[in-house]
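# Geometric and topological summary
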Amino acid sequence: MFLIECPWCGERDETEFNCVGEAHIARPLDTEKLSDEAWADYLFMRSNPKGLHREQWLHAAGCRRYFNAERDTVSYRISGTYRIGETPPSEAKK
Amino acid sequence: MSKYSIFSLLRNAVSYHENWGAAWRSPEPKAEYDALIIGGGGHGLATAYYLAKEHGMTNIAVLEKGWIGGGNTGRNTTIVRSNYLWDESAHLYEKSMKLWEGLSQDLNYNVMFSQRGVYNLGHNLQDMRDIQRRVNANRLNGIDGHVVTPEEIKRAIPEINIDEGCRYPILGASFQPRGGVARHDAVAWGFARGADMRGVDIIQNCEVTAIRQENGAVTGVETTRGTINAKKIGVVVAGHCSVLAQMAGFRMPIESHPLQALVSEPIKPIINTVIMSNAVHGYISQSDKGDLVIGAGIDSYNGYGQRGSFPTIEHTVAAICEMFPIFRRVRMNRQWGGIVDTTPDACPIIGNTPVKGLYFNCGWGTGGFKATPGSGWVFAHNVATGEPHELNRAFALDRFVSGFLIDEHGAAGVAH
């Protein structure tokens, strides 16, 4: 069982959360001129790494706010959580 | 390699069954093959088998990083059915079903395919409308199936709870009589033996670490057992397809999730069919040795760890206990997870890639076992000719660019 650190509420049980996929995918701005390939890349293509993954979580049964987490997709260990817009912890250390 | 028959059984009985030969060789990899299949699961081995049998390509190898059938082929709940909604998927899964029906004879290996029928339960009015629509679509595609009432379900499965006072009452089901189960390990072993007999090299403990390319075409792979050259490479690695795609330099519309299953202690025969429920999320059958085989849902997070969360198991077991109150005190024996490669439209990706000579067969997500023979059949055609088979043309990677998605989230039987 995970204990997940919500950046607003603190440590809570994983059943309160939903993982909602890869983080840091920016919506293209100039959508009028976007090619089909670029749309497909934004909508569907995912990096799906084996190892460090930056992903969005929703504290669905808590504050109902989104935040980001860094987690290893093999060990499932969460190395840090951070609010939307903040620098990922692993980069902040550098 | 000896043919299995009543005579070989008798002959070996004389020597107390101690002199059966190995079912396949363990050759050293050659420096070059006509084609390589990466991934020695059911789909990869089926591809190799049909490449050798239907397309005469025998100078090929299957590369498996662990042991054959040790991934999702050995981890699924063995359900076989073909009652998919859309024409594209219905045709593909029905091709597979037809191959299943003759598979043991074709392979000369008993895959224990048992057409004991599959029920997909409906728990509310919309479920029943969807079931009716799907059954009608199936029948138009020549796939057997009919809608059954709660009373008919109760007659066939006396242990099921059809009480109207349930939180999620059972209002009916679709029933596909030709659906059923097969022995998953035997499927991998049968295809491996069949391919090996025709000259295919099955190389285990051989992990691919890089894909070599020249001028936009594949030339071979780097592996933990050296470089192997080939002009055609078929990748059939399920949960790891994004990792292989990254080696080749492109991305896939796929996320890998843990999917769990569990079995109970063996009990006397009590369920002689397969029962699946989309709404409450649980599916159950009974294996020949008596364990109740139960499938859970996927975890919401990405994972390559071959294990999932306990709350997911708890959720499924709660659903099973509501459908079958009699199982409340059955103890569970083992629980495990596999890595499933889910796509945005719950349909596989089979076909060519941006790299010449590199073909992918992946994205089967939570329901690939039933498709094993059909998937191998169409993918063998794709690898041999370089062009998709009529049955897998619609499942090309570029459907995510064209927008031609095949939305099977509903008819995938259980919602993942």
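Summarised in this report is the structure supplied together with it. Here the structure is a predicted model, which is why all the values come from computation and not from measurement.

Take the interface of chain B and chain A next. Accessible area lost upon the coming together of the parts is a frequently used measure of interface size. Each partner contributes to the interface: chain B provides 25 residues, whereas chain A provides 25 residues. Summed over both partners, the interface of chain B with chain A comes to about 2200 Å²; 55% of that surface belongs to carbon and sulfur atoms. The largest per-residue losses of area from chain B upon contact with chain A belong to B:Arg251, B:Tyr301 and B:Tyr304, which jointly make up 30% of the total buried on that side. Linking chain B with chain A are one salt bridge, by the criterion used here. Between B:Arg251 and A:Asp41 there is a salt bridge, with its nearest N and O atoms 3.4 Å apart. Among the secondary structure elements, those contributing two or more residues to the side of chain B that touches chain A are helix 8 (241-248), strand 13 (255-264) and helix 11 (399-402) of chain B. Per-class residue counts for the side of chain B that touches chain A are 12 nonpolar, nine polar and four charged.

Another aspect to go through is the packing of helix 2 (residues 42-55) of chain B against helix 10 (residues 372-385) of chain B. Residue and element names in this part refer to chain B. Remark: helix 2 packs on helix 10, axes separated minimally by 7 Å, with the N-to-C direction vectors making an angle of 55 degrees. Taken together, the axis directions place helix 2 and helix 10 in an arrangement best described as oblique. By crossing handedness, the relation of helix 2 to helix 10 is classed as right-handed. Together, Gly 42, His 43, Ala 46, Thr 47, Tyr 50, Leu 51, Glu 54 and His 55 of helix 2 and Thr 372, Pro 373, Ser 375, Gly 376, Trp 377, Phe 379, Ala 380, His 381, Val 383 and Ala 384 of helix 10 make up the contact between the two elements. Looking at the contact of helix 2 with helix 10, its residues break down into nine nonpolar, eight polar and one charged.

The subject of this paragraph is the state of the cysteines. The term disulfide refers to a covalent linkage connecting the sulfur atoms of a pair of cysteines. Tallied over the entire structure, the rule returns zero disulfides over all chains. The cysteine A:Cys63 is free of any disulfide, with A:Cys9 supplying the nearest cysteine sulfur at 3.6 Å. We note that B:Cys347 lacks a disulfide partner, and the nearest cysteine sulfur, in B:Cys362, lies 12 Å from it. Judged by relative accessible area, B:Cys347 falls into the buried class, the value being 1%.

With that settled, the discussion passes to empty space enclosed by the protein. All names here are of chain B. Tallied over the entire structure, the rule returns three cavities of 30 Å³ or more. Computed from the structure, the largest cavity encloses a volume of approximately 50 Å³. Lining the largest cavity are Leu 292, Ile 294, Val 317, Ile 320, Cys 321, Phe 327, Val 330 and Met 332. Looking at the lining of the largest cavity, the elements with two or more residues in it are strand 16 (292-298) and helix 9 (310-323). Tallying contributions element by element places helix 9 first for the lining of the largest cavity, with three residues. Across the lining of the largest cavity, the residue classes break down as eight nonpolar, no polar and no charged. The wall of the second largest cavity is formed by His 123, Asn 161, Cys 166, Tyr 168, Ile 170, Val 280, Ala 319, Glu 322 and Met 323. Tallied by class, the residues present in the lining of the second largest cavity amount to six nonpolar, two polar and one charged.

Moving on to the pattern of salt bridges. All names here are of chain B. Enumeration over the complete set of coordinates arrives at 19 salt bridges over all chains. The partner of Asp 196 in a salt bridge is Arg 25, with the nearest N and O atoms 3.1 Å apart. Here Arg 25 lies in the loop between helix 1 (6-14) and strand 1 (35-38) and Asp 196 lies in helix 7 (residues 184-197), a separation of 171 residues in the sequence. A relative accessible area of 34% means that Arg 25 is categorised as partly exposed. Note that Asp 201 is salt-bridged to Arg 25, the shortest N-O span being 3.2 Å. Placement of Asp 201 in strand 8 (residues 201-203) and of Arg 25 in the loop between helix 1 and strand 1 is noted, with a sequence separation of 176 residues between them. A single salt-bridge network, built from bridges that share partners, covers Glu 94, Glu 101, Asp 144 and Arg 178.

Definitions and cut-offs
Residues numbered from 1 in each chain as written. Chains lettered and ligands numbered in written order. Predicted model: local features only at pLDDT ≥ 70, side-chain atom pairs only at ≥ 80, totals over all residues. Heavy atoms only, no water. Contact = heavy atoms within 4.5 Å. Buried area = accessible area lost by both parts, 1.4 Å probe. Salt bridge = Lys/Arg side-chain N within 4 Å of Asp/Glu carboxyl O. Helix = DSSP H or I, 4+ residues; strand = E, 2+ residues; numbered from the N terminus. Nonpolar A, V, L, I, M, F, W, Y, C, P; charged D, E, K, R; others polar. Axes fitted to C-alpha atoms, helices over the stretch in contact; angles between N-to-C directions. Parallel < 35°, antiparallel > 145°, perpendicular 65-115°, else oblique. Left-handed = near helix turned anticlockwise from the far one by under 90°. Disulfide = S-S within 2.5 Å. Buried < 20%, exposed > 50% of the residue type's maximum accessible area, 1.4 Å probe, protein only. 1 Å grid on protein atoms, 1.4 Å probe; cavity = no way out; pocket = protein on both sides within 12 Å on 5 of 7 lines; lining within 4 Å. Points joined across faces, edges and corners; volume = space filled by probe spheres on them.

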